[in-house]
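Each chain, written out:
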Amino acid sequence: MGTSPFALVMTLLAAAPPVGQPPPMTQAAFEQLLLSRDLVELQQGCRLALTDGMPERLQLIRDRLIALDPRPQSVDQVFTTTQALMVCRSPESALVVLNRWSPAAGEQRRRWLLMAWQAADAALDHPRAALMLRRLVNGDLQALEREELVEAGDGAAESPLVRVNGLDRLAHHEASAGDSIAAAAVLLAGRETGAVAARRLGMAADLLAEEDSEQADALLELALDQAAADEAWSLAVELLRVQLRLQLAAGGDGARPRERLERLTSRLDDRYSLWTLQEGAVEPDPSLRSPRVPGGHAAVEEPSVEATP
């Protein structure tokens, strides 16, 4: 008994790749690719290996890229190989390639430092990432605050660019490397005002709380002033939460931030936050949703509050 035409068509459709997606590379084509010196072709091979879910092929292409030019003849060659390795999701290998070249001063050095930061950031090598950012601006943190950095993508051609502030990213690296004091100093070097300053002051206070609880509390007061000046009331609520937590951790009663939280959240109609301030509270009613979460009313528009927190 033969196969029906309908069943045959369905079998062929199941075996076909999705519309717009190239078919998997054949083994013969892949073996030919591994002999290539074309960095663009090898980079595209990595994208295909990622799309097809073939980690073995991905590793073989990485090995090929690393071994291709152990003594590069130009900085452009270094940059192109580095970019290919970043697409191949091998930032550690990208750092190895970058270290094969000593960058000249000027734009070449700037590009080298930015790529080295991207690779270290992707590799979670926070000490090296912090060093690259400091070298990028020769230690001038105000200049770093004006830098808009682009994080490395995940290798997919359609991945959106992720932009981050240089000063905030340096603080992140210092904190992740275990140096809370250095991270706080970076945040306090910023010159922004309003909500940006409030967020940075709050983070600095959290980082310094174990070393100096009084200074942390003073920084939170400054942060609250900045948030109020910008009418960033949701941020003010979060800052008061941090202040309450830190005061309780330091052995205080947290009476003042608790009172201010109750007053502010009442004005904001934030019933969820009010519930969390109640001692011995049981699981809240599902209807009590914080207005700051997706779908909450504060996500649409902040109410006008006359009094500062």
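It should be emphasised that the depicted structure is a prediction, and the values quoted were computed from it without experimental measurement.

S.K.: Help me understand the overall build of the protein in this model?
M.R.: Secondary structure summary: the protein contains 16 helices and 2 strands in total. Out of the 309 residues belonging to the protein, those deemed buried represent 40%. Taking the intrachain contacts of the protein between residues at least 6 apart in sequence as the baseline, contacts between residues at least 24 apart amount to 54%. If you sum the accessible surface of the protein, you get close to 17300 Å²; carbon and sulfur atoms cover 53% of it.

S.K.: Quick question: what am I supposed to make of the confidence of the model for the protein here?
M.R.: When pLDDT is low, close inspection of the predicted coordinates is not appropriate. In the predicted model, the protein carries a mean pLDDT of 83, and 78% of its residues have values of at least 70. Below a pLDDT of 50 lies the segment residues 279–309, which in the model reaches 51 contacts outside its immediate sequence neighbourhood of four places, other chains included.

S.K.: Hey, could you run me through unusual backbone geometry in this one?
M.R.: Glycine aside, a negative phi is what most residues show, and trans is what most peptide bonds show. Phi at Arg 89 takes a positive value of approximately 60 degrees, unusual for a residue other than glycine. Within the secondary structure layout, Arg 89 lies in the loop between helix H5 (75–87) and helix H6 (91–98). The class for Arg 89 is partly exposed, based on a relative accessible area of 43%. Positioned with a positive phi, Glu 231 is a non-glycine residue whose angle comes to about 55 degrees.

S.K.: Quick question: what am I supposed to make of empty space enclosed by the protein here?
M.R.: Regions of empty space are outlined by a rolling probe, equal in size to a water molecule, passed over the atoms. Considering all chains together, one arrives at 3 cavities of 30 Å³ or more under this definition. Along the walls of the largest cavity sit Leu 65, Asp 69, Pro 72, Gln 77, Val 78, Thr 81, Val 97 and Arg 100, which together make up its complete lining. Ranked by residues supplied to the lining of the largest cavity, first place goes to H5 with 3 residues.

S.K.: Explanation requested: the packing of helix H12 (residues 194–208) against helix H14 (residues 233–249) in the structure shown.
M.R.: Geometry of a packed helix pair, given as the angle between the helix axes and the separation of the axes. H14 packs onto H12 with a crossing angle of 15 degrees between their chain directions and a minimal axis gap of 11 Å. Taken together, H12 and H14 sit at an angle that is classed as roughly parallel. In this structure, H12 crosses over H14, and the sense of that crossing is left-handed. Along the contact surface, H12 presents Ala 195, Ala 198, Arg 199, Gly 202, Ala 205 and Asp 206, while H14 presents Leu 235, Leu 239, Val 242, Arg 245 and Leu 246. Class assignment of the residues belonging to the contact of H12 with H14 gives a composition of 7 nonpolar, 1 polar and 3 charged.

S.K.: What should I look at first to understand the nonpolar core in this one?
M.R.: Within soluble globular proteins, side chains that are nonpolar generally end up buried alongside one another. With 74 residues, the main nonpolar core has Ile 61 and Leu 65 as its most contacted residues. Looking at this core element by element, the count peaks at 8 residues for H14. Contacts of Ile 61, omitting those with residues within four sequence positions, involve Phe 30, Leu 33, Leu 34, Leu 42, Gly 45, Cys 46 and Cys 88.

S.K.: Explain the layout of surface pockets to me, please; I cannot follow it from the model alone.
M.R.: Approximately 170 Å³ is the volume attributed to the second largest pocket. Taken together, Phe 79, Gln 83, Arg 110, Arg 111, Leu 114, Met 115, Trp 117, Gln 118, Glu 147, Glu 148, Leu 149 and Val 150 make up the lining of the second largest pocket. Elements supplying a minimum of two residues to the lining of the second largest pocket: H5, helix H7 (107–122) and strand S1 (148–151). Looking at the lining of the second largest pocket, the element that brings in the most residues is H7, giving 6 residues.

S.K.: Could you clarify how one ought to interpret the packing of H12 against helix H13 (residues 213–229) in this entry?
M.R.: Relative orientation of the contacting elements H12 and H13 amounts to 165 degrees, with a least axis distance of 8 Å. Relative to H13, H12 is oriented roughly antiparallel. In the packing of H12 onto H13, the handedness of the crossing is left-handed. In contact with Gly 194, Ala 195, Ala 197, Ala 198, Leu 201, Gly 202, Ala 204, Ala 205 and Leu 208 of H12, H13 contributes Gln 215, Ala 216, Leu 219, Leu 220, Leu 222, Ala 223, Gln 226 and Ala 227.

S.K.: Even after reading the chapter, I still don't get the pattern of salt bridges, so can you show me in this structure?
M.R.: Here the idea is simple: oppositely charged side chains can pair when their charged atoms come close. By the definition in use, this model includes 14 salt bridges. In this structure, the salt-bridge partner of Arg 134 is Glu 174, at a minimum N-O distance of 2.9 Å. With Arg 134 in helix H8 (residues 126–136) and Glu 174 in helix H10 (residues 166–176), the pair connects residues that are 40 residues apart, well separated along the chain. The class of Arg 134 is partly exposed, set by a relative accessible area of 28%.

S.K.: Looking at this structure, how should I read H6?
M.R.: Side chains three or four residues apart in an α-helix point the same way, a direct result of the helix having 3.6 residues per turn. Burial analysis of H6 places 6 of its 8 residues in the buried class, which makes it a mostly covered element. Of the positions making up H6, those classed as buried are Pro 91, Ser 93, Ala 94, Leu 95, Val 97 and Leu 98. Buried residues in H6 make contact with helix H4 (55–68), H5, H7 and H8.

S.K.: What should I look at first to understand the state of the cysteines in this one?
M.R.: Among covalent bonds in proteins, the disulfide is the one between the sulfur atoms of two cysteines. As enumerated under the stated definition, the model contains 1 disulfide in all. Each sulfur of the disulfide joining Cys 46 and Cys 88 lies 1.7 Å from the other. Around the S-S axis, the bridge from Cys 46 to Cys 88 shows a dihedral of about 90 degrees and counts as right-handed. Note that Cys 46 is positioned in helix H3 (residues 39–52) and Cys 88 in the loop between H5 and H6, a separation of 42 residues in sequence. For Cys 88, a relative accessible area of 0% corresponds to the buried category.

The rules behind these values
- Residues numbered from 1 in each chain as written.
- Predicted model: local features only at pLDDT ≥ 70, side-chain atom pairs only at ≥ 80, totals over all residues.
- Heavy atoms only, no water.
- Helix = DSSP H or I, 4+ residues; strand = E, 2+ residues; numbered from the N terminus.
- Buried < 20%, exposed > 50% of the residue type's maximum accessible area, 1.4 Å probe, protein only.
- Contact = heavy atoms within 4.5 Å.
- Areas by Shrake-Rupley, 256 points an atom, 1.4 Å probe, with all protein chains shown as cover.
- pLDDT = per-residue confidence, 0-100.
- 1 Å grid on protein atoms, 1.4 Å probe; cavity = no way out; pocket = protein on both sides within 12 Å on 5 of 7 lines; lining within 4 Å.
- Points joined across faces, edges and corners; volume = space filled by probe spheres on them.
- Axes fitted to C-alpha atoms, helices over the stretch in contact; angles between N-to-C directions.
- Parallel < 35°, antiparallel > 145°, perpendicular 65-115°, else oblique.
- Left-handed = near helix turned anticlockwise from the far one by under 90°.
- Nonpolar A, V, L, I, M, F, W, Y, C, P; charged D, E, K, R; others polar.
- Core = buried A, V, L, I, M, F, W, Y, C linked by side-chain atoms within 4.5 Å.
- Salt bridge = Lys/Arg side-chain N within 4 Å of Asp/Glu carboxyl O.
- Disulfide = S-S within 2.5 Å.

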